[in-house]
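Okay, here's what each chain looks like letter by letter:
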Amino acid sequence: MSKQGLIQYLCIMSNDKITLKGVARIATPVIISEFLEEALILTDSILLSYKPDVYLASVGIIDAILLIILAYGVALNDSYQNFFARYENQDLVTVLAIFKNAWKKFLCSGVAIAILILSLTQLGILFANSNNIIACVNQSIWFILPLALLSYTSMWLNSFLMGLGHVKLLSIVSICCVFVNGLCGYFLLFKVKSTLTPTSIILLTSALSELLAVAIMWIYIRKRYHHRENGTKIRHQKLLSRTFSLASIYPALSEIGFHIGSLVLFIFCTYFFPQNQVALLSLIFSYWGLMQVPVDGLQEISLNYFAKLYSNREMKSFLSYSRQLIRFARGCCIILFVIVITSDLLFEDWSNIKFQGIILVFLISLFACGTEIFNTSLIVRLKNDSYMIGKLIFAILATGLVLIGRFLLHVETILSILCPFLLAQIAENVYCSIRAKTVWLKSRGI
């Protein structure tokens, strides 16, 4: 959480009751930042939807690979950001010294992880049964490398700026990146003749937008904080660096597991679904990512709320707190749903299946709001086994229903994937809500 968010959180936590206004004051900057990141992915998907289906279909696999590469960087960004937010007022010189040396950690990690994952992907493609989508992925796979390295550099700079509360600057940078990415993508895809595939062009324009973000953030930091640097060596700096690395491993592995599941899903669809349906699924998942933003943005905030409740032994307030958080998240989901529907009507052709798919991911997001809030409350009470059982319920039920829909009912549209996901999400939501209420309202132990 940023310094600004931390200050607001402490002020609001001094009150007896949580309000929607209080949640909004803390969550809005985080949600805006994540919204703009998802808007970048959505822009790419919309541009590719005007090209042959194979290019949009390959984006699902490519995005999953990229997110696997970036998972450790995201976790590392959070670790450094939390440190910078907590110590900025106490010792800015120390913060600057640690930030200055952190680039090695980010860049070296990015290079090693990117080369490893891309090499394994290339090896897997060699032994896979090739089709049009796999061939397209093979043509574009190494264009992920510059984007991944620039993203790691961007996360290094972002951790410092977000930690010190420069939320408005980062929002402006994100808006510039979305605009540059869309503009460059449009001209390179539709106005300029090139031997590169559309998927490769999209990866290059994304890298260009990340380069712009890195340049703006670096110039701002140099102008704002250069005079505060004094070359002081920090005691235990290597120990701190090692601590940040170790603290980032578990969150990264959790994210990697999710993205591997997405990768497996798209590879499965590549071989067992029509190409146009795989392309449509990629577009629907881009919409889903946008509507999922409030869920992801509220996780850390809800963690702080529930930790405060438990430390003060205010177990009876659990239901009112969780209801307010869920209500706010669902309100944001509804707003984003309206944005998605509007953009689809403006930029895309109408399709009944696509409309049904958007409705389904909207419903999944609404249930996910409650699921993730309850899951976070279980983690606060150290009920990791219950958390894992909920995830297993989702994974097993979704997998089983997808296989039944495809191979027994012979449904070859995205509905055979999204309907099982909705049912699995409902099942996980029911389990987690019952378990969380039992733990918080009936159990006295940890």
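On a predicted model such as this, the values are computed, not experimentally measured, just so you know.

Student: I'd love a proper account of the overall build of the protein chain, names of residues and values included.
Tutor: Helix and strand counts for the protein chain stand at 16 helices and zero strands. Looking at the protein chain residue by residue over its 446 residues, the buried ones come to 52%. Taking the contacts inside the protein chain whose residues are at least 6 apart along the sequence as the reference set, 85% of them involve residues at least 24 apart. Within the structure as shown, the protein chain displays about 21,100 Å² of accessible surface, and the carbon and sulfur contribution to it stands at 66%.

Student: Account for the packing of aromatic side chains, with residues named and values stated.
Tutor: Applying the stated criterion to the full structure yields 25 aromatic pairs. Ring geometry for F285 and W288: centres 5.2 Å apart, planes at 90°, overall edge-to-face. Within this pair, F285 and its partner W288 are both found in helix α10 (residues 275-291), separated by three residues, close to a single helical turn. You can call F285 buried: its relative accessible area is 17%. On the numbers, 5.5 Å between centres and 40° between planes, the contact of F306 with F318 is tilted. A residue pair is termed long-range when its members are at least 10 positions apart, and F306 in helix α12 (residues 299-311) and F318 in helix α13 (residues 318-347) qualify at 12 residues. F306 gets classed as buried once you look at its relative accessible area, which sits at 0%. Given a relative accessible area of 0%, F318 falls into the buried group. An aromatic cluster is built from Y80, F84, F99, F106, W156, F160, W218 and Y225, whose rings are joined through pairwise contacts. One Lys or Arg, R381, reaches over the ring of W440 and ends 5.2 Å from the middle of that ring. Positioned above the aromatic ring of F273 is the side chain of R406, whose terminal nitrogen or guanidinium carbon lies 5.5 Å from the ring centre.

Student: Describe in detail the side chain of S159, supporting the description with residues and values.
Tutor: The residue S159 is located in helix α6 (residues 144-163) in this model. Within polar-contact distance, the side chain of S159 engages the backbone oxygen of W156 at 2.7 Å. Ignoring anything within four residues of it in the chain, the contact list for S159 reads N77, Y80, Q81, F84 and F106.

Student: So what about unusual backbone geometry? Which residues, and what values?
Tutor: Positive phi, normally seen in glycine, also occurs at H410, with a value near 55°. The residue H410 is located in the loop between α15 (384-408) and α16 (415-441) in this model. The class for H410 is exposed, based on a relative accessible area of 57%.

Student: I'd love a proper account of the environment of R406, names of residues and values included.
Tutor: Looking at the element boundaries, R406 is found in helix α15. Here the alpha-carbon distance between R406 and I417, two residues 11 residues apart in the chain, equals 8.5 Å. The residues touching R406, leaving out its near neighbours within four places in the chain, are F268, F272, F273, V411 and E412.

Student: Account for a nonpolar patch on the surface, with residues named and values stated.
Tutor: Nonpolar side chains collect at one region of the surface, where Y50, F179, L183, Y186, F187, F190, L346 and F347 lie side by side and expose about 850 Å² of accessible area between them. Taken together, the elements giving at least two residues each to the nonpolar patch come down to α7 (167-190) and α13. Mapping Y50 onto the fold places it in the loop between α2 (20-48) and α3 (53-87).

Student: Which residues make up the pattern of salt bridges, and what are the values?
Tutor: Applying the stated rule across the entire model yields four salt bridges. Residue D344 is joined to K354 by a salt bridge in which the shortest nitrogen-to-oxygen separation is 3.1 Å. You can see D344 sitting in helix α13 and its partner K354 sitting in helix α14 (residues 352-380), a full 10 residues away along the chain. K354 gets classed as buried once you look at its relative accessible area, which sits at 4%. Between E428 and K391 there is a salt bridge, with the nearest N and O atoms lying 3.4 Å from each other. Of this pair, E428 sits in helix α16 while K391 sits in helix α15, placing them 37 residues apart in sequence. By relative accessible area, E428 is classed as buried at 2%. Three or more residues are tied together by salt bridges with common partners; here these are E372, K391 and E428.

Student: Could you give an account of α14, with specific residues and numbers?
Tutor: Taking 1.5 Å per residue, 29 residues should reach 42 Å; α14 reaches 42 Å between its end C-alpha atoms and fits that length. At A368, α14 is bent by approximately 25°, the largest bend along its length. The element α14 is extensively covered by neighbouring structure, given that 21 of its 29 residues are classed as buried.

Student: Can you lay out the nonpolar core for me, pointing to particular residues and giving the numbers?
Tutor: Ranked by internal contacts, the top residues of the largest apolar core, which has 133 residues, are F160 and F421. The leading source of residues in this core is α3, at 19 residues. Apart from the residues within four sequence positions on either side, F421 is in contact with L265, F285, W288, I364, F394, A398 and V402.

Student: Tell me about α10, residues and numbers included.
Tutor: For α10, with 17 residues, the first-to-last C-alpha span of 25 Å sits near the 24 Å given by 1.5 Å per residue. With 15 of 17 residues buried, α10 is to be regarded as a mostly interior element.

Student: Describe the confidence of the model for the protein chain, listing the residues and the values that go with them.
Tutor: Overall, the predicted model of the protein chain reaches an average pLDDT of 85, with 89% of residues at or above 70. Within the model, the stretch residues 1-16 combines pLDDT values under 50 with 40 contacts to residues more than four positions away or in other chains.

Procedures and definitions
- Residues numbered from 1 in each chain as written.
- Predicted model: local features only at pLDDT ≥ 70, side-chain atom pairs only at ≥ 80, totals over all residues.
- Heavy atoms only, no water.
- Helix = DSSP H or I, 4+ residues; strand = E, 2+ residues; numbered from the N terminus.
- Buried < 20%, exposed > 50% of the residue type's maximum accessible area, 1.4 Å probe, protein only.
- Contact = heavy atoms within 4.5 Å.
- Areas by Shrake-Rupley, 256 points an atom, 1.4 Å probe, with all protein chains shown as cover.
- Phe/Tyr/Trp six-rings, centres within 6.5 Å; stacked < 30°, edge-to-face > 60°.
- Lys NZ or Arg CZ within 6 Å of the ring centre and 35° of its normal.
- Polar contact = N/O pair within 3.5 Å; in protein donor to acceptor, adjacent residues only side chain to side chain.
- Patch = residues over 30% accessible without salt bridge, like charges linked within 9 Å, V, L, I, M, F, W, Y side chains within 5 Å.
- Salt bridge = Lys/Arg side-chain N within 4 Å of Asp/Glu carboxyl O.
- Expected span 1.5 Å × (residues − 1).
- Bend = angle between axes of the 7 residues up to and from the residue.
- Core = buried A, V, L, I, M, F, W, Y, C linked by side-chain atoms within 4.5 Å.
- pLDDT = per-residue confidence, 0-100.

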